[in-house]
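# Descriptive structure summary
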Amino acid sequence: MVKAKVWTLRKHFVGFPKESDFELKEETLPELQNGEVLLETIFLSLDPYMRAVSPTLMKEGDVQIGAQVAKVLQSRNPAFPVGCNVVAPCGWRTHSVTSGKEIFVLYMSRVIPDWPEDVPLSLAVGALGMPGLTALYGLEEILQVKPGEIVLVSAAAGAVGTMVGQICKIKGCKVVGSAGSEEKVAYLKELGFDSVFNYKTITSLDEALKQASPEGYDCYFENVGGAFFTAALNQMRPRGRIAVCGAISLYNATTPQMCPFPHMTMLLKNIRIEGFLVNQWPEKDEASIRRLLTWLKEGKLKAKENVTVGFEKMPAAFIQMLKGTELGKAVVKV
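Residues numbered from 1 in each chain as written. Predicted model: local features only at pLDDT ≥ 70, side-chain atom pairs only at ≥ 80, totals over all residues. Heavy atoms only, no water.

### Quick word on the overall build of the protein chain
As a reminder, the rule being used: By definition, any uninterrupted DSSP run of H or I lasting at least four residues is a helix, any uninterrupted run of E lasting at least two residues is a strand, and each is numbered from the N terminus. With the radius of gyration taken over C-alpha atoms, the globule rule is written as 2.2 Å times the number of residues to the power 0.38. Only heavy atoms matter for contacts: two residues are in contact if any of them lie within 4.5 Å across the pair. For accessible areas, the Shrake-Rupley method is used with a probe of radius 1.4 Å. Any residue's cover is judged against the shown protein chains and nothing else.
Each helix and strand counted, the protein chain has nine helices and 15 strands in total. Here the protein chain has a C-alpha radius of gyration of 20 Å; the compact-globule value for 334 residues is 20 Å, and the two agree. With respect to the principal axes defined by its C-alpha atoms, the protein chain has extents near 65 × 45 × 35 Å. The contacts in the protein chain between residues at least 6 apart in sequence include a share of 69% that link residues at least 24 apart. Put simply, the protein chain shows about 15200 Å² of open surface, and 53% of that area lies on carbon and sulfur atoms.

### Here we look at the packing of aromatic side chains
Spelled out, the test is: Aromatic pairs are defined between Phe, Tyr and Trp rings, using the six-membered ring for Trp, whenever the two ring centres lie within 6.5 Å; interplanar angles under 30 degrees are classed as stacked, those over 60 as edge-to-face, and all others as tilted. Partly exposed residues are those whose accessible area sits between 20% and 50% of the maximum for their type, while under 20% is buried and over 50% is exposed, using a 1.4 Å probe and protein chains only.
Tallied over the entire structure, the rule returns ten aromatic pairs. A centroid spacing of 6.0 Å and a plane angle of 90 degrees characterise the contact between Phe-22 and Phe-318, whose relative ring orientation is edge-to-face. Of this pair, Phe-22 sits in strand β2 (residues 22-28) while Phe-318 sits in helix α9 (residues 314-323), placing them 296 residues apart in sequence. Residues Phe-22 and Phe-318 agree in their burial class; the two are buried. Ring geometry for Tyr-220 versus Phe-228: centroids 6.1 Å apart, planes at 25 degrees, classification stacked. Exposure class is identical for Tyr-220 and Phe-228. Each is buried. Every member of this aromatic cluster is reached through a ring pair, and the members are Phe-13, Phe-22, Trp-92 and Phe-318.

### Overview of the packing of helix α5 (residues 205-212) against helix α6 (residues 226-234)
The following threshold applies: To obtain an axis, a line is fitted to C-alpha atoms, over the contacting stretch when the element is a helix, and the angle between two such axes runs from 0 to 180 degrees between their N-to-C directions. The labels follow the angle: roughly parallel below 35 degrees, roughly antiparallel above 145, roughly perpendicular from 65 to 115, and oblique for the rest. Less than a right angle of anticlockwise turn of the near helix away from the far helix marks a crossing as left-handed, whereas a clockwise turn marks it as right-handed. Ten residues, namely Ala, Val, Leu, Ile, Met, Phe, Trp, Tyr, Cys and Pro, are considered nonpolar, four, namely Asp, Glu, Lys and Arg, are considered charged, and the remaining ones, Gly among them, are considered polar.
Taken N-terminus to C-terminus, the directions of α5 and α6 make an angle of 45 degrees; their axes are 9 Å apart at the nearest point. Relative to α6, the element α5 is oriented oblique. Crossing hand, α5 versus α6: right-handed. Here α5 contributes Leu-205, Asp-206 and Leu-209 to the contact with α6, which in turn contributes Ala-227, Phe-228, Ala-231 and Ala-232. Across the contact of α5 with α6, the residue classes tally to six nonpolar, no polar and one charged.

### Here's the deal with the packing of helix α2 (residues 130-143) against helix α3 (residues 159-170)
Contact pair α2 / α3: the axes reach a minimum separation of 8 Å and the direction vectors enclose 50 degrees. With respect to each other, α2 and α3 are oriented oblique. Judged by the twist between their axes, the crossing of α2 over α3 is right-handed. Of the residues in α3, those touching α2 at Pro-131, Gly-132, Thr-134, Ala-135, Leu-136 and Leu-139 are Ala-159, Val-160, Met-163, Val-164, Ile-167 and Cys-168. Residue composition of the contact of α2 with α3, by class: ten nonpolar, two polar and no charged.

### Notes on unusual backbone geometry
Notably, Arg-239 is not glycine yet its phi reads approximately 65 degrees, a positive angle. Take Arg-239: its relative accessible area is 61%, and that puts it in the exposed class. In this structure, Asn-270 is a non-glycine residue whose phi angle is positive, near 55 degrees. Among the secondary structure elements, Asn-270 is positioned in the loop between α7 (263-269) and β13 (272-275).

### Describing the nonpolar core
This is how it is decided: The set of buried Ala, Val, Leu, Ile, Met, Phe, Trp, Tyr and Cys residues whose side-chain atoms join them within 4.5 Å is what this entry labels a nonpolar core. Annotation comment: domain bounds sourced from an automatic or database domain assignment.
Core analysis: the biggest nonpolar cluster contains 53 residues, and Trp-115 and Leu-139 have the highest contact counts within it. When contributions to this core are tallied by element, the ones reaching two or more residues are α2, β8 (150-153), α3, β9 (174-179), α4 (182-190), β11 (217-222) and α8 (285-297). Ranked by residues supplied to this core, first place goes to α2 with seven residues. Split by domain, the residues of this core number at least three in each of domain 1 (3-126 + 304-333) and domain 2 (130-275). Leu-139 has contacts with Gln-144, Val-145, Val-151, Val-164, Ile-167, Cys-168 and Phe-221, leaving out every residue within four places of it along the chain. Counting residues in each nonpolar core, the second largest holds 22 residues, with Trp-7, Ala-67, Met-314 and Val-332 among its members.

### Focus: empty space enclosed by the protein
Space left empty within the atom packing is revealed by a probe, the size of a water molecule, rolled over the atoms. Where we set the bar: Put simply, the grid is 1 Å and covers the protein atoms alone, a cavity is a trapped set of points that fit a 1.4 Å probe, a pocket is an open set with protein on both sides within 12 Å along at least five of seven lines, and lining residues have an atom within 4 Å of a point. Grid points are joined across faces, edges and corners, and a volume is the space filled by probe spheres set on the points.
As enumerated under the stated definition, the model contains one cavity of 30 Å³ or more in all. Size it by volume and the largest cavity reaches roughly 110 Å³. Among the elements that line the lining of the largest cavity, the one with the most residues is α3, at three residues. For the lining of the largest cavity, the residue count by class is eight nonpolar, four polar and four charged.

### Details of the pairing of strand β4 (residues 68-75)
Selection rule: Strands qualify as paired when DSSP identifies two bridges or more between them.
Where strand β3 (residues 37-45) meets β4, seven bridges bridge the pair, whose relative direction is antiparallel. Looking across to β4, one finds that Leu-44 is bridged to Gln-68. Both β4 and strand β5 (residues 85-88) contribute to a ladder of four bridges, which runs antiparallel. Across the sheet, Gln-68 pairs through a bridge with Ala-88, a residue of β5.

Encoded structure:
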């Protein structure tokens, strides 16, 4: 019998998560049934959505949700043979028995079999996985960006935001980003952002947005919510488009947040606002990952990671990721 270590949600988060909200347990896994596989975790992904959806999708005592890169150790599912690598929505656990059914925005999929040896496998949950696909689909399917357009990205130094900015440049767009430290501002400029500002040091968000792009913005890739959304909406050009990917400023709020009613701005400027999830285009995933991989190999994309070693450090690494003080996609190596 295979034993797994698992991190469970001991107590629902109240405001910002604490390490005491989690509990490490051990469980014995069941024998495989038809259609199931036994996985051994290699890398675990840490993402802001885990905080956002926890109150609605999880009960106290549940295994903390999340994605991982894992190797198939045993299989009774011909789609996932022994030895192949997968990205699976199995949560914070070292081993899993699963049929790969979808959980929230996640579903089990094979890592492409010809994954290059010189590309870290951890990127399958990073630039060449959910964050990269989120950026690509938000830009192509929702915003439908065109060369020469001006794109604004909030939380631009995050795993998704860095990919959004770089893909914008590949597509011939001007891109403006906001970030929360001078180190992040410098990094985004290295990636090719046309203009970047530190939202923590400016005196006026409206003025910062105007200065970065006096012409306004054709597209806004929304990751933050709150006051930033209102300010960005006011700077949109006629027939502007907004892709709502996240709202990290709201995730730890303990009381409902209010903002001015934007209806007249939306009406008079013909603004289109659309939320989306990365799982809406599964038929495009493999081709899209290969496109991202090609850009990476050509040097058009850069992928910075922040790797923590040790399964026992999952809660601490998760909390550090939410603080937003580190550069790079947060990953834990088991």
